[in-house]
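Coordinate inspection notes
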Amino acid sequence: MSQDVLVINSGSSSIKYQLVDVESGEAIASGIVERIGQETGSVTHTGPDGKTTLEQPIPDHEVGMDLVLRLFADHGPVLDASVLSAVGHRVVQGGDVFSGPALVDDDVEAKIEALSDLAPLHNPPHLAGIRAARHAFPDSPHVAVFDTSFHQTLPPAAYTYAIDQDVARRYAIRRYGFHGTSHLYVSRKTAETLGKPVEDLNIIVLHLGNGASATAVRGGHSVETSMGLTPLEGLVMGTRSGDIDPAVVFHLQRVAGMSTDDIDVLLNRKSGMLGLCGRTDMRDVHAADEAGDETAHLALEVYYHRLKGYVGAYYAQLGHVDAIAFTAGIGENDTEVRAHSLAGLERLGIAVDAERNAVRPKVPTVISPDGAEVTVLVVPTNEELEIARQAVALLG
Ligand code: AMP
């Protein structure tokens, strides 16, 4: 049987897709539908013929999926139930309902919909994508893979917020954690690289992309993670503040007269590196810092300071640490972030070798010195492959 899985990540105005060969781990085709619901939309498809772009209005996800089907039919590879073993869907919020992947049926769709209150920006567009894909590929099994599932092993002490527990229960307020598919993939890949069973290892995974989160993984299980009820908590991100005193919200409401929506936009979309120095891309922030921009310099200091604090906290939670793995856009590419965030931690057995760190590797690479107590690695993430693998594993 073929082991090709079409992995779909559907957003409010976009559908990203990748056809993954689970055995080789290779992406056979990929693409993106963009500007759904706007005046003109586009689909860019990369397959055996190279890159093809279509431009036309794309009113909704159904039309977007039809165009994807057409591009596969016209430009390959062939996509039908005989080669497609599953369609895998990324879903951000699975609440405490989904502790693993789920075969999509009407009941699973209803549960994803019911979780929309917790992820109003993510779950509704995921559902639109799932529904469109079920129409487009009615003969293939569809599997939903949740960003939150990996963190369902968090102990109560880690997932419980210290607030009135009646209120917490009534409104499902707890730490859920996100980026779980990446943290799972990277922790396993780290163990594989070290040649040891993941069950025997304590690992801190630092997923540093435009969104960023840290996870403490004990014996293959997530035991602490920095994102919370939503992806706003934790590290400094591209446009999100990460941790702040919640009283900032009341203060802005009372003193600045800002509305709940204004503050939501401020903290989720206008904060982080953007709020600190007007730039979201780390390459731009470093360039500005090197050119003498003091706001960029401070932004980097805040970023490193927060990250180092989480490494220390997770070291304490784990008791001992075998490995620290950097991943995602910044983690995989930014040598400065890796060096500064772990600087001065030699007493904890943590060090980065400057020469080894001067890499942007495509494969897992150790960047700590030989004999270091804690192995520091760069491990490229591959969420699409992990989703595809989970779909295949679920279907047996
Ligand atoms: P992701 O969300 O994982 O796709 O990561 C996107 C972010 O990675 C970008 O916003 C950049 O800040 C960062 N990034 C990508 N390439 C580099 C690079 N060569 N050096 C530093 N940061 C990078």
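Bear in mind the structure is a predicted one, so any value in this text is a computation, not a measurement. (Residues numbered from 1 in each chain as written. Predicted model: local features only at pLDDT ≥ 70, side-chain atom pairs only at ≥ 80, totals over all residues. Heavy atoms only, no water.)

1. What to know about the site of the ligand
Taken together, the neighbourhood of the ligand is formed by G209, N210, T280, D281, M282, R283, A328, G329, I330, N333, D334 and R360. Take G329: an N or O atom from its main chain is 2.9 Å from an oxygen atom of the ligand. One of the backbone N or O atoms of I330 is found 3.5 Å from an oxygen atom in the ligand. For the ligand, whose free accessible area comes to 500 Å², the fraction covered by protein is 72%. With respect to the pocket detection grid, the ligand is positioned in the second largest pocket. At the level of elements, α10 (282–290) and α12 (328–333) are the ones that each hand at least two residues to the shell around the ligand. Sort the elements by how many residues they give to the shell around the ligand and α12 lands first, with four residues. For the shell around the ligand, the class distribution of residues is three nonpolar, five polar and four charged. (Near = heavy atom within 4 Å. Polar contact = N/O pair within 3.5 Å; in protein donor to acceptor, adjacent residues only side chain to side chain. Areas by Shrake-Rupley, 256 points an atom, 1.4 Å probe, with all protein chains shown as cover. 1 Å grid on protein atoms, 1.4 Å probe; cavity = no way out; pocket = protein on both sides within 12 Å on 5 of 7 lines; lining within 4 Å. Sits in = over half its atoms within 2 Å of the grid points. Helix = DSSP H or I, 4+ residues; strand = E, 2+ residues; numbered from the N terminus. Nonpolar A, V, L, I, M, F, W, Y, C, P; charged D, E, K, R; others polar.)

2. Here's the deal with the layout of surface pockets
As a volume, the second largest pocket reaches approximately 380 Å³. Along the walls of the second largest pocket sit 18 residues, with D281, M282, R283, G329 and I330 positioned nearest its centre. Elements that contribute at least two residues to the lining of the second largest pocket include exactly α10, α12 and α13 (335–341). Looking at the lining of the second largest pocket, its residues break down into five nonpolar, eight polar and five charged. (Points joined across faces, edges and corners; volume = space filled by probe spheres on them.)

3. Some points on the packing of aromatic side chains
Scanning the model with the defined rule gives three aromatic pairs in all. Ring centres of Y17 and F72 lie 5.7 Å apart, and the angle between their planes is 50°; on these two criteria the pair is classed as tilted. A residue pair is termed long-range when its members are at least 10 positions apart, and Y17 in strand β2 (residues 15–21) and F72 in helix α1 (residues 61–75) qualify at 55 residues. The class for F72 is buried, based on a relative accessible area of 2%. With a centroid separation of 5.6 Å and an interplanar angle of 90°, the aromatic rings of Y310 and Y314 are classed as edge-to-face. (Phe/Tyr/Trp six-rings, centres within 6.5 Å; stacked < 30°, edge-to-face > 60°. Buried < 20%, exposed > 50% of the residue type's maximum accessible area, 1.4 Å probe, protein only.)

4. Points about the packing of α10 against helix α11 (residues 294–318)
Two elements in contact, α10 and α11, have axes whose closest approach is 8 Å; the angle formed by their N-to-C orientations is 125°. Here α10 lies oblique to α11, going by the angle between them. The two elements α10 and α11 meet at a crossing, and its hand is left-handed. Facing M282, V285, H286, A288 and D289 of α10, the residues of α11 in contact are A296, H297, L300, Y303 and Y304. A per-class count over the contact of α10 with α11 returns seven nonpolar, two polar and one charged. (Axes fitted to C-alpha atoms, helices over the stretch in contact; angles between N-to-C directions. Parallel < 35°, antiparallel > 145°, perpendicular 65-115°, else oblique. Left-handed = near helix turned anticlockwise from the far one by under 90°. Contact = heavy atoms within 4.5 Å.)

5. A closer look at the sheet that holds strand β3 (residues 26–34)
The strands that make up a sheet pair up through hydrogen bonds in the backbone, lying either parallel or antiparallel. The strand order β5-β4-β3-β2-β1-β6-β8-β7 describes an open sheet built from eight strands, whose pairing is mixed. At either end of the open sheet lies a strand with only one pairing partner, and these are β5 (50–56) and β7 (102–103). As paired elements, β2 and β3 share seven bridges and run antiparallel to each other. Note that in β3 the partner of Y17 across the bridge is G31. Relative to the sheet, helix α3 (residues 123–136) contacts β1 (4–10), β6 (84–91) and β8 (142–146), its axis offset from that of β6 by approximately 165°. (Pairing = 2+ DSSP bridges.)

6. Focus: the sheet that holds strand β9 (residues 202–208)
Here six strands make up an open sheet; going across it, the order is β11-β10-β9-β12-β14-β13 and the pairing mixed. Whereas interior strands pair on both sides, the edge strands pair on one side only; in this sheet they are β11 (221–225) and β13 (365–366). Packed on one face of the sheet, α11 meets β9, β10 (212–218), β11 and β12 (323–327) and runs near 160° to β9.

Remember that the coordinates give geometry; whether it matters functionally is a separate question.
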